[in-house]
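# Remarks on the overall topology
Letter by letter, the chains look like this.
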Amino acid sequence: MTPTRTHDADPPGPRRAPRVVARAAPRIALVLGGGGLKGFAHIGVLRALRERGIRPALVAGSSIGALLGAAHAGGVEDEEMAFRALTLRRKDLFRMNHYGVLVDRMRAASLYLPEPLRALVESVVPEGTFDDAPLPLLVNTVDVAHGTQVVWGLPGLRDVSVRDAVYASCALPGFFPPGRVDGRVCVDGGTIDNLPVSVAARNGGAPVDAVVAVDVGNADLTRDDTIHAQGFASIFMRSASIMMQALQAPPLAHWEGPPMLLVRPRVNHVGWFTFGTAEALIDEGYRATVEALRGLDALLAAPGGIYPRRTVRVTVDPARCTGCGLCVALAPRVMAQRGDGLAYAVSHDFSWSAADGGFAKSCPTQAIAVEAVGAALPATLAAAPALVPPDIVPAAATPALPLPAAIAGEDEGPAPAREVPPAA
């Protein structure tokens, strides 16, 4: 009898290897925030990403974040950026607008001339439009004529010069003249959004899988009792930093986008216009990114949230609390008031990221203390339970990673440097 072939037997001919379906690489948006020369830390970030084989699907930035992001998107290597940062001198960026200030006085467009900044932009950003960039790029600016945010590189805003957009994004109001981009009069994107994470996550209708955001602004401003005696530049820049921090906090506090890795290098002790610190800033950007990337794989598996996280405890000193209620107004899901008006935390422990807890520094009597609870847990991330406010997630729900020094109680580094007005 001739045996019959069953349906599950191998077909005639050579055996075929099983088909392997490759997983698509996650689409990661890299967002580089503004911060003046402190933004040199972004170069260390780019180096850390390159060494680990992480290539962003797009880059977005404000101010110096736009400058270095555009250079990266145009194919400039981080080693070249580092060389230019290390050799940058004050006269390469600042040239006093003597004639304009003398003749036009209060009607002068700026304190400094635009030519040095434009030359810097042209030296690191390749020529061309956003369509010419090898890597998708978003440059955040503000249209001062219309009072609106304009993000160049989004659909309908791509057929413009990248260099023009980057100059405008770096044009700090009052310091440099506004830039014209496709007929619009634009200034520093940090005026409205110093860390454009929301627009980067949406990416013009093509959402990404995760966001790596690098904040080199003044998220951790330290007290400075001599600021009133440091001159116009220091007072202006500190005020601008406070404004940018206040505008940046709500989008992070109510983040509903893809999982975000928030990297905050410890650069708060460096002034916006402090020269001679490029090497240390690059090294710190590299260190902070390497540390944060330890949890990247688990982050990519999370449905949302901001990482890394740490378990913290919030306490109120009743002897200092005046019952003003400011903490409750700023963080109603974290703080409450007793019948006698004294404030208290609604839970013993909280699971916080670096974006949480800013209200504690606003207490006028410094009655609120935030401290890390126990040692940092392994770099394993878990999503917060649905429908639970992110700032009151039970500690066990979100394993933790180290907090910034300001919360973890570690050394915050040297005192902030003075903002010395650049010489002519």
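The structure displayed is predicted, hence computed values, not measured ones.

Moving on: the state of the cysteines. Scanning the entire structure with this criterion turns up zero disulfides. Unpaired in this structure, Cys363 has its nearest cysteine sulfur neighbour in Cys324, at a distance of 6.2 Å.

What follows deals with the sheet that holds strand S14 (residues 368–372). Here three strands make up an open sheet; going across it, the order is S13-S10-S14 and the pairing antiparallel. Either end of the sheet is taken by a strand with one partner, and the two such strands are strand S13 (349–353) and S14. The average undirected angle you get between the axes of adjacent strands in this sheet is 40°. With five bridges connecting them, strand S10 (residues 309–316) and S13 associate as antiparallel partners. Residue Arg313 lies in a different strand from S13, and its bridge partner there is Asp349.

Relative orientation of the contacting elements helix H1 (residues 41–51) and helix H2 (residues 64–73) amounts to 35°, with a least axis distance of 10 Å. By crossing handedness, the relation of H1 to H2 is classed as right-handed. Contact residues: His42, Ile43 and Leu46 in H1; Ile64, Gly65, Leu68 and His72 in H2. Considered class by class, the residues forming the contact of H1 with H2 number four nonpolar, three polar and no charged.

Side chains Met260 and Leu262 of strand S8 (residues 260–263) all project onto a buried face; the interleaved residues Leu261 and Val263 project onto the opposite face, where all are buried too. Bridge count between strand S7 (residues 210–214) and S8: four bridges; the pairing is parallel. Pairing of Val212 across the sheet is with Leu261, part of S8. With two bridges connecting them, S8 and strand S9 (residues 306–307) associate as parallel partners. Paired with Leu261 across the strands is Tyr307, a residue of S9.

To continue, consider the packing of aromatic side chains. In total, this model carries five aromatic pairs according to the counting rule given. With 5.3 Å between their ring centres and 40° between their planes, Phe175 and Phe273 make a pair best called tilted. Remark: Phe273 occurs in the loop between S8 and helix H9 (278–292) and Phe175 occurs in the loop between helix H6 (162–170) and strand S5 (179–181); sequence separation between them is 98 residues. Its relative accessible area of 1% is what places Phe175 among the buried residues. Through a chain of ring-to-ring contacts, the aromatic side chains of Tyr112, Phe175, Phe176 and Phe273 assemble into a single cluster. Above the face of the Tyr286 ring, Arg47 is positioned so that its terminal group lies 4.1 Å from the ring centre.

With omega at 0°, the peptide bond leading from Tyr307 into Pro308 counts as cis. Take Pro308: it is sitting in the loop between S9 and S10. The backbone phi angle of Asp182 is positive, close to 50°, even though this residue is not glycine. Tracing the sequence through the fold places Asp182 in the loop between S5 and strand S6 (184–188). Even without glycine at this site, Gln366 takes up a positive phi of about 55°. In this structure, Gln366 sits in the loop between S13 and S14.

Cut-offs used in this document
- For every chain, the first residue of its written sequence is number 1, and the numbers climb from 1 along that sequence.
- Residue-level local features of this predicted model are given only where pLDDT is at least 70; pairs of side-chain atoms are given and counted only at 80 or more, and the full residue set underlies all totals for whole chains, interfaces and linings.
- The basis for the side-chain values is all heavy atoms of the structure; hydrogens and waters are excluded.
- Note that a disulfide, as used here, is simply two cysteine sulfur atoms within 2.5 Å.
- At least two bridges found by DSSP between two strands is the condition for calling them paired.
- Counting from the N terminus, the helices are DSSP H or I runs at least four residues long and the strands are E runs at least two residues long.
- Note on method: axes are straight lines fitted to C-alpha atoms, helices fitted across the in-contact stretch only, with angles between N-to-C directions ranging 0 to 180 degrees.
- Crossings are classed by handedness, with left-handed meaning an anticlockwise turn of the near helix from the far one by less than a right angle and right-handed meaning a clockwise turn.
- Only heavy atoms enter the contact rule, under which two residues are in contact if any of them lie within 4.5 Å.
- For this classification, the nonpolar set comprises Ala, Val, Leu, Ile, Met, Phe, Trp, Tyr, Cys and Pro, the charged set comprises Asp, Glu, Lys and Arg, and every other residue, Gly included, is treated as polar.
- Here the term buried applies to any residue with accessible area under 20% of the maximum for its type, exposed to any over 50%, and partly exposed to those in between, with areas from a 1.4 Å probe on protein chains only.
- Two rings from Phe, Tyr or Trp (for Trp, the six-membered ring) form a pair when their centres sit within 6.5 Å of each other. Planes less than 30 degrees apart are called stacked, planes more than 60 degrees apart edge-to-face, and all others tilted.
- Here, a charge over a ring is recorded when the distance from Lys NZ or Arg CZ to the ring centre is within 6 Å and its angle to the ring normal is within 35 degrees.

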